[in-house]
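# Close look at the chain arrangement
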Amino acid sequence: MMNKLSVAIVLTLGLFLSCKDQKKQVETKESLSEQIVADTLKWSERMALSEIERFPDPTLLDFREKPRWSYTNGLVLQAMSRVYEQTHNQKLYDYIYDYGNRMIHEDGSIETYKISNYNLDMIKSGDAIYYLYQNKQEPRFKQAMDTLHKQLEGQPTTSEGGYWHKKVYPFQMWLDGVYMAEPFHTKYAKTFMSPEEAKKVYDKIMLQFDLIEKHSRDSETGLYYHGWDESKEQKWANKETGLSQHFWSRGMGWYGMAMVDVLDVLPEDYEGRDRLLTYLNQYAEAIVKYQDESGAWYQVLNLPDREGNYLEATGTSMFTYTLAKGVNKGYLPESFKAYADKGFQGILDTFITVEDSGVVNLNQCCSVAGLGGNPYRDGTFEYYIGEKIRSNDPKGTGPFIMAALELGK
């Protein structure tokens with residue numbers, strides 16, 4: 001038999017536990033309501049929404065303090081446009097449009113852009129504007145694209161017709177530049193030019209790939225040097241070949257993405273297409289040899305054991321995208337799918353963290369790397385591993401989104 005004291009204790013304890021359960025339920029509901037990015041979505045949409053959360057203003061993508069027309073905006077927004085085509089999440093389209101609406105004036109002029117700089121990087125955001133124009137044919141968007149085409153028509157070139165990366169980098173071809181310019185230029189030519197005029201542009205585009213293959217590809221490894229200086233005057237350039245010293249992961253990543261994206265648009269009967277397919281297959285065979293057992297790739301591709309080298313997220317995301325898309329489109333044999341799957345799992349295991357809010361982070365991204373300039377970038381191993389490493393660099397988040405889409409993740 002329980003005495004009155006025992007009954008009182010049991011009732012009090014029951015009331016306490018009941019209150020505790022209620023509090024726990026409330027806390028659980030609160031934590032669920034605080035989740036900004038749902039973990040039930042695919043990785044592609046999760047990262048796209050995470051980018052919007054990080055950078056509510058699309059003109060400030062890439063940790064900017066002031067709006068700037070730049071390639072990183074175009075890269076991420078292009079990736080988001082592909083997610084939108086699958087999900088029809090209006091938030092994504094509105095974000096892309098906000099960039100175009102604010103950066104392209106009514107007369108078609110582009111905020112912060114100067115054609116006289118002849119900077120290939122500035123072409124990349126044309127992909128986002130092309131997408132907007134396909135959806136909403138505002139004349140200013142077409143005028144802006146006309147300006148970018150005009151830049152490429154007047155871009156300074158090497159003696160063989162290879163675009164200088166920028167006017168301030170004379171006689172230099174970088175792997176980066178092919179991705180910055182050629183996917184946009186191929187789409188522009190196919191959509192807005194007569195077949196005869198478009199073919200002239202395709203020939204010019206193919207020439208850029210031909211020259212990279214001629215000068216930058218290392219026949220022994222199949223890998224590509226980051227830069228080539230025709231004048232051989234740069235301190236970073238080999239005095240005999242004009243080549244930079246190392247195989248930089250992201251540099252090669254840009255080149256691979258350029259090939260698969262241009263192949264999407266080149267007409268099936270264009271005679272240079274088979275050549276580009278050959279380049280892509282050689283490239284794929286080379287990069288898989290340097291894939292780490294983790295699935296990721298190193299910052300300096302061929303020196304995994306050298307002190308200071310590290311597994312790097314942006315190049316890994318680019319390689320994964322290139323291989324996955326290459327297989328999906330039939331540009332590469334099915335056997336390369338396994339390397340793409342391994343690469344994506346490597347990204348999840350090595351680089352991805354998720355906050356309590358559901359916001360997804362891509363860590364271990366090389367912030368920036370280039371050649372020459374001021375302060376001078378000498379292209380040494382120490383230079384590449386010494387550049388700042390940060391999380392959520394758009395040069396990684398954009399390719400991650402596209403890789404996830406290609407793999408249905």
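Placed above this text is the structure.
Treat the numbers as computed from the prediction; the structure is a model and nothing was measured.

On to the packing of helix α8 (residues 195-215) against helix α9 (residues 249-263). Relative orientation of the contacting elements α8 and α9 amounts to 145°, with a least axis distance of 12 Å. Viewed along their axes, α8 and α9 form a crossing whose handedness is left-handed. Within the contact between the two elements, α8 uses I205, F209, I212 and E213 and α9 uses Y255, A258, M259 and V262. Class assignment for the residues of the contact of α8 with α9 results in seven nonpolar, no polar and one charged.

The next point concerns the nonpolar core. Core analysis: the biggest nonpolar cluster contains 116 residues, and W69, F209 and Y255 have the highest contact counts within it. When residues of this core are assigned to their parent elements, the largest contribution, nine residues, is made by α9. Once residues lying within four places of it in the same chain are set aside, the contact partners of W69 are Y99, M103, I104, I110, E111, T112, Y113, M122, S125, G126, I129 and L148. Y169, W236, A237 and F381 belong to the second largest nonpolar core, which has 13 residues in total.

Before going further, it helps to examine the packing of aromatic side chains. Enumeration over the complete set of coordinates arrives at 25 aromatic pairs. Between Y188 and F192 the ring centres are 5.2 Å apart and the planes differ by 55°, which places this aromatic pair in the tilted class. A residue pair is termed a helical-turn pair when its members lie 3 or 4 positions apart in one helix, as Y188 and F192 do in helix α7 (residues 175-192) at four residues. Accessibility expressed as a relative area gives 6% for Y188, which makes it buried. Overall, F192 belongs to the partly exposed group, its relative accessible area being 25%. Here the aromatic residues F209, Y224, Y255, Y283, W297 and F319 are joined through ring pairs into a cluster of three or more. Stacked on the ring of W43, the Lys or Arg R46 has its end atom at 4.0 Å from the ring centre. Against the face of Y179 rests K124, its NZ or CZ located 3.9 Å from the ring centre.

Turning next to the pattern of salt bridges. Under the criterion given, the structure shown has 27 salt bridges. In this structure, E106 and R140 form a salt bridge, with 3.9 Å as the shortest nitrogen-oxygen distance. Linking E106 in the loop between α4 (90-103) and α5 (126-135) with R140 in helix α6 (residues 139-154), this pair joins segments that are 34 residues apart in sequence. R140 gets classed as buried once you look at its relative accessible area, which sits at 4%. Taken together, the shared-partner salt bridges in this structure form one network comprising D62, R64, R390, D393 and K395.

Inspection of every chain in the model, using the stated rule, returns one cavity of 30 Å³ or more. The computed volume of the largest cavity comes to approximately 60 Å³. Around the largest cavity, the lining residues are L120, Y163, H165, M173, W174, G177, V178, E182, Q208 and I212. At the level of secondary structure, the elements contributing two or more residues to the lining of the largest cavity comprise β1 (172-174), α7 and α8. With three residues, the single largest contributor to the lining of the largest cavity is α7. Residue composition of the lining of the largest cavity, by class: six nonpolar, three polar and one charged.

Rules behind the numbers
Residues numbered from 1 in each chain as written. Predicted model: local features only at pLDDT ≥ 70, side-chain atom pairs only at ≥ 80, totals over all residues. Heavy atoms only, no water. Axes fitted to C-alpha atoms, helices over the stretch in contact; angles between N-to-C directions. Helix = DSSP H or I, 4+ residues; strand = E, 2+ residues; numbered from the N terminus. Left-handed = near helix turned anticlockwise from the far one by under 90°. Contact = heavy atoms within 4.5 Å. Nonpolar A, V, L, I, M, F, W, Y, C, P; charged D, E, K, R; others polar. Core = buried A, V, L, I, M, F, W, Y, C linked by side-chain atoms within 4.5 Å. Buried < 20%, exposed > 50% of the residue type's maximum accessible area, 1.4 Å probe, protein only. Phe/Tyr/Trp six-rings, centres within 6.5 Å; stacked < 30°, edge-to-face > 60°. Lys NZ or Arg CZ within 6 Å of the ring centre and 35° of its normal. Salt bridge = Lys/Arg side-chain N within 4 Å of Asp/Glu carboxyl O. 1 Å grid on protein atoms, 1.4 Å probe; cavity = no way out; pocket = protein on both sides within 12 Å on 5 of 7 lines; lining within 4 Å. Points joined across faces, edges and corners; volume = space filled by probe spheres on them.

Function-wise, these values are silent; they only describe arrangement.
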